[in-house]
Amino acid sequence: MLHAPLSRRSLLAGAVAFGSTAVVGNLTGCSPSAGVGSSDDSSSHSGERTGKEILFYLSAGHDYPPYKRVISKFEKDHNVKVTIQTFQWSDLQQKLTADFLSGTTPDITEEPGTFWATRFGNDGNIMALDDYIKKEEGFLDDFVPAGLDVRQADGKTYAIPMHLTMGGLVFANSEMLAKAKVKMPTTWEEFLEAAKRIQATGVEYGCALNNDSSYGTPWLLENGVTYTMDKSTPMQPVDAAVEALTFQRDLIYKHKVSPAPVASSEYSGSRKLFTSKRCGLILTGPWDISAVRTEDKNFPLTIGSPLKHKEQKTTIAGSGLMIPTKSQNADLCWELIKVLTAAEVQEQVTKEAAMPCSRNSWAESDIVKNDPNMSVVAAARNIGVAADRPYWSNKNMAKIADAGKVMYENVILSNKDPQSEVATYNKTVGNLLSR
């Protein structure tokens, strides 16, 4: 699985904000040191590394074989040891916060494509990479602009995108589509019709919505909803937000083509209904491609673009690489970033781990062009946006994200009135923006 359940929400919606005075507890989700050239004794990383070791924090599960091969060669070429420590995203938040406070940091770290790079860059904890970039003529030209934009602020670039994913993709059982005699849905209306017809063939549910509120954000974006700093109406237009929530609610409680999701920190419930063939459609992201294959290697998966209503737009996700200001090996880490994000490495990561990547040229590789599902993913990179970016620098960002979670769960899980919930959200967030 690509991400842990809790981190999925953070990755898609930036739901958990770093606080400058965060209290760090036990990192129960951390793995021990692992990876190329490392031992299992993490205690050796508490002091100076004298330039002979690069300490690399990586998201759990992202130590893919192509990266390990590249790092092994890098170690030999530069006579340096690269020690990888892997963390779940939520634990990596805590670990980095503690490191920044203590002054002892990793040399390089992965980040989840939300506010980390720009927030920590603005705080002085993460290096701006522009001096390195200037020495590499045209280096940024091959990266998808949306992946760069979330890592740039005030004319500075604080991280280089590595993976580039998005929410709102339509995952469908191709055999169920064929039996129901419907094509891959491209609009809200087509999605509802396809769900009804799939269910009419005897499948338990036509589709399955997710309990995680971040999976509801693409619907809002597709209906032209934006998040603003307007204290009177942060989420607007109000009618569009109400309509998007109502459409999702009606899939469950009016049309009865989806079960009501159950509140949980786990986001895989809808996918498991899908792979067990109890439903024919779900909305998710590329992180579930390998999970579907793991749960059923012969599953007839076909993927469609995010739906179009008033607009075709969805949430951007993914990850990148950044260098802490107190890195002991910044120059070598920049060289490592270059090799880890090289076009040929990205192709191998997709081939071996089904992970979409961040370069424009990646979409032109045979590995992507010859895969009908990955081709859809590649095209969707161009419509991904960071919906909540206006709130990234706000000290109340975590509470703002919680308000969105409550709104979604009240409507989708508890069948409450969308108009009332949108009003409550706007009032809550408006107050938070005023503080």
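Each remark here, short or long, concerns the structure printed above.
Right, let's walk through the structure included here. (Residues numbered from 1 in each chain as written. Predicted model: local features only at pLDDT ≥ 70, side-chain atom pairs only at ≥ 80, totals over all residues. Heavy atoms only, no water.)

### Notes on the packing of helix H10 (residues 238–253) against helix H18 (residues 418–434)
A pair of packed helices can be characterised by two numbers: the angle between their axes and the separation between those axes. Remark: H10 packs on H18, axes separated minimally by 9 Å, with the N-to-C direction vectors making an angle of 130°. It follows that H10 is oblique to H18 by the angle criterion. The handedness of the crossing between H10 and H18 comes out as right-handed. The residues of H18 that touch H10, namely those facing Val238, Ala241, Val242, Leu245, Thr246 and Arg249, are Pro418, Gln419, Val422 and Asn426. Among the residues making up the contact of H10 with H18, the classes are represented as six nonpolar, three polar and one charged. (Axes fitted to C-alpha atoms, helices over the stretch in contact; angles between N-to-C directions. Helix = DSSP H or I, 4+ residues; strand = E, 2+ residues; numbered from the N terminus. Parallel < 35°, antiparallel > 145°, perpendicular 65-115°, else oblique. Left-handed = near helix turned anticlockwise from the far one by under 90°. Contact = heavy atoms within 4.5 Å. Nonpolar A, V, L, I, M, F, W, Y, C, P; charged D, E, K, R; others polar.)

### Observations concerning the pairing of strand S2 (residues 53–59)
Taken residue by residue, a regular strand's side chains alternate between the two faces of the sheet. In terms of residue burial, S2 counts as a mostly covered element, since seven of its seven residues are buried. Side chains Glu53, Leu55, Tyr57 and Ser59 project from S2 onto one buried face, and the interleaved Ile54, Phe56 and Leu58 project onto a second face that is buried too. Alignment of S2 against strand S3 (residues 81–87), held across seven bridges, turns out to be parallel. Considered in S3, the bridge of Leu58 is made with Thr86. Between the parallel elements S2 and S3, the chain passes through helix H2 (residues 65–78) in a crossover that is right-handed. Pairing of S2 with strand S4 (residues 108–111) involves two bridges; the strand directions are parallel. By the bridge assignment for S4, Phe56 is matched with Ile108. (Buried < 20%, exposed > 50% of the residue type's maximum accessible area, 1.4 Å probe, protein only. Pairing = 2+ DSSP bridges. Right-handed = clockwise from strand over helix to strand, strands pointing away.)

### A few points about the packing of aromatic side chains
Within this structure, the stated rule accounts for 15 aromatic pairs. Relative to Trp219, the ring of Phe191 lies with its centre 5.8 Å away and its plane at 80°, an arrangement referred to as edge-to-face. Of this pair, Phe191 sits in helix H8 (residues 188–200) while Trp219 sits in helix H9 (residues 217–222), and the two are 28 residues apart along the sequence. With a relative accessible area of 1%, Trp219 lands in the buried category. (Phe/Tyr/Trp six-rings, centres within 6.5 Å; stacked < 30°, edge-to-face > 60°.)

### Here we look at H18
Helix length check: H18 (17 residues) gives 24 Å between terminal C-alpha atoms against 24 Å at 1.5 Å per residue, within 8%. Along H18, the positions that sit buried rather than exposed are Pro418, Glu421, Val422, Tyr425, Asn426, Val429, Gly430, Leu432 and Leu433. Within H18, the buried residues cover an arc of 165° as seen down the axis, which keeps them to one side. Next to the buried residues of H18 lie strand S10 (226–227), strand S11 (235–236), H10 and helix H17 (397–413). (Expected span 1.5 Å × (residues − 1). Arc of directions from axis to C-beta.)

### A few points about the sheet that holds strand S9 (residues 205–208)
Read from one edge to the other, the open sheet built from four strands follows the order S9-S12-S8-S13, with strand pairing classed as mixed. Each edge of the open sheet is held by one strand with a lone partner, namely S9 and strand S13 (301–304). Each neighbouring strand pair of the sheet contributes to a mean axis angle of 20°, computed without reference to strand direction. In this sheet, S13 lies alongside strand S8 (residues 169–173) in antiparallel orientation, the contact comprising four bridges. Of the residues in S13, the one forming a bridge with Asn173 is Leu301. Most of the contacts of H8 go to S9, to which it runs at about 135°, and overall it touches S8, S9 and strand S12 (279–284). On the sheet, helix H12 (residues 287–295) packs against S8, S12 and S13 and is oriented at approximately 15° with respect to S8.

### Description of the pattern of salt bridges
The final tally for this structure, using the stated rule, is 17 salt bridges. Arg151 is the partner of Glu111 in a salt bridge, and the nearest nitrogen-oxygen pair spans 2.5 Å. Of the two residues, Glu111 is situated in strand S4 and Arg151 in the loop between helix H6 (145–149) and strand S5 (152–153); the sequence distance between them amounts to 40 residues. Accessibility expressed as a relative area gives 0% for Glu111, which makes it buried. For Arg278, the salt bridge identified is with Glu204, shortest N-O distance 2.8 Å. A residue pair is termed long-range when its members are at least 10 positions apart, and Arg278 in the loop between helix H11 (269–275) and S12 and Glu204 in the loop between H8 and S9 qualify at 74 residues. Here Glu204 falls in the partly exposed class, since its relative accessible area comes to 38%. (Salt bridge = Lys/Arg side-chain N within 4 Å of Asp/Glu carboxyl O.)

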